[in-house]
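# Coordinate analysis (summary)
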Amino acid sequence: MNTAIIQQIQSNTGIHQKSVDHTVAMLEEGLTVPFISRYRKERSGGLKDDEVQNIADQLQQLSELEARKETILKAIRKQEQLTPDLEKQIKSCWDAAELEDLYLPFKKSKKSRAHKAREAGLEPLAELILDRELHNIPEEAKRFINDQVPDADEAIEGAKDII
């Protein structure tokens, strides 16, 4: 188990380090919270149900956060923008919102179909359709054919996406 996670659980709960170590080990072995608190008191340091459950919940949450950190580090490395300082900040972060804030400047935005249609220059066609100024939409759509819009049908579909 990741010692940083165990230390964070101990810090968050205030439960003795040895009890956290043993409880995490038992949880990873597949033992359930009630079983640990009833039949493994000697290993858990006498932790009650709610304390074992708290450790289990934090273990899951922090493990997911660790996985997210790795995903974020991989994405920023792929962009070749990871600095040693940023890597240190990400690895030492234990708050999900703060982690996402660190990642925000490097996050790739997903473009909607409407956004792509606007980039292809189809917004004027959409406005003409909305204003009902066109009598023959397919014929007018031919004016908007370019390297991104191969035919009139695509132009009309793009305009619909914008609308």
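Everything below is about the structure printed above this text.
All chains use their own residue numbering, which begins from 1 and follows the written sequence. Side-chain atom pairs in this predicted model are given and counted only at pLDDT of 80 or more, local residue features only at pLDDT of at least 70, and totals for whole chains, interfaces and linings cover all residues. Calculation of side-chain values draws on the structure's entire complement of heavy atoms; hydrogens and water are dropped beforehand.

### Observations concerning the overall build of the protein chain
Strands here are runs of E lasting at least two residues and helices are runs of H or I lasting at least four, both read from the DSSP assignment and numbered beginning at the N terminus. Each helix and strand counted, the protein chain has 11 helices and zero strands in total. The order of α-helices and β-strands along the protein chain, N terminus first, is α-α-α-α-α-α-α-α-α-α-α. Throughout, the radius of gyration refers to the C-alpha atoms, and the reference size of a globule is 2.2 Å times the residue count to the power 0.38. A compact globule built from 163 residues should have a C-alpha radius of gyration of about 15 Å, whereas the protein chain, at 27 Å, is more than 25% larger. With the C-alpha coordinates of the protein chain rotated into their principal frame, the extents come out at 85 × 35 × 25 Å. Looking at the protein chain residue by residue over its 163 residues, the buried ones come to 33%. Working rule for contacts: check all heavy atoms of both residues, and any pair within 4.5 Å makes them a contact. Residue pairs at least 24 apart in sequence account for 52% of intrachain contacts in the protein chain once pairs closer than 6 positions are excluded. Working definition: with a 1.4 Å probe on protein chains only, accessible area under 20% of the residue-type maximum means buried, over 50% means exposed, and in between means partly exposed.

### Observations concerning the packing of aromatic side chains
Ring pairs are drawn from Phe, Tyr and Trp, using the six-membered ring of Trp, whenever the two centres fall within 6.5 Å, and their geometry is named by plane angle: stacked under 30 degrees, edge-to-face over 60, tilted for the rest. Across all of its chains, the model carries one aromatic pair by this definition. When the ring of F35 is compared with that of Y39, the centres are 5.3 Å apart and the planes differ by 50 degrees; the resulting orientation is tilted. In this pair, F35 and Y39 are both assigned in helix 3 (residues 33–39), four residues apart and thus about one turn of the helix distant. Using a relative accessible area of 52% as the deciding quantity, one classes Y39 as exposed.

### A short note on the packing of helix 9 (residues 123–130) against helix 11 (residues 152–162)
Interhelical geometry of helix 9 versus helix 11 gives an angle of 75 degrees and a closest axis separation of 8 Å. The angle between helix 9 and helix 11 falls in the class roughly perpendicular. Judged by residue contacts, E123, L125, A126 and I129 of helix 9 engage A155, I156, A159 and I162 from helix 11. Lys, Arg, Asp and Glu make up the charged group, whereas Ala, Val, Leu, Ile, Met, Phe, Trp, Tyr, Cys and Pro make up the nonpolar group; the residues left over, Gly among them, are polar. The residue inventory of the contact of helix 9 with helix 11, partitioned by class, reads seven nonpolar, no polar and one charged. The axes used here are C-alpha line fits, helices contributing only the stretch in contact, and every angle between their N-to-C directions lies in the interval 0 to 180 degrees. Oblique is the label for every angle not falling under 35 degrees (roughly parallel), over 145 degrees (roughly antiparallel), or within 65 to 115 degrees (roughly perpendicular).

### Observations concerning helix 7 (residues 96–103)
Looking at helix 7, one finds that the buried residues are L99, L102 and Y103. What you see down the axis of helix 7 is that its buried residues fit within an arc of 95 degrees, all on one side. Turning to helix 7, the residues buried within the fold contact helix 5 (49–78) and helix 6 (84–92). By definition, the arc is the one covered by directions from the helix axis to the C-beta atoms.

### Regarding the pattern of salt bridges
In the sections that follow, a salt bridge refers to a side-chain nitrogen of Lys or Arg positioned within 4 Å of a carboxyl oxygen of Asp or Glu. One pass over the full model with this rule turns up 11 salt bridges. One salt bridge in this structure joins K91 and E87, with 3.2 Å as the shortest N-O distance. Of this pair, K91 and E87 both sit in helix 6, four residues apart, roughly one helical turn. The class of K91 is partly exposed, set by a relative accessible area of 45%. For E87, a relative accessible area of 22% corresponds to the partly exposed category. Notably, a salt bridge pairs R118 with E123, separated by 3.7 Å at the nearest N-O pair.

### Re helix 9
Within helix 9, the full set of buried residues consists of L125, A126 and L128. Down the axis of helix 9, the buried set is contained in an arc of 160 degrees. They therefore lie on one face. Where the residues of helix 9 are buried, they touch helix 10 (137–141) and helix 11. Phi turns positive, to about 55 degrees, at R132, one or two residues after helix 9.

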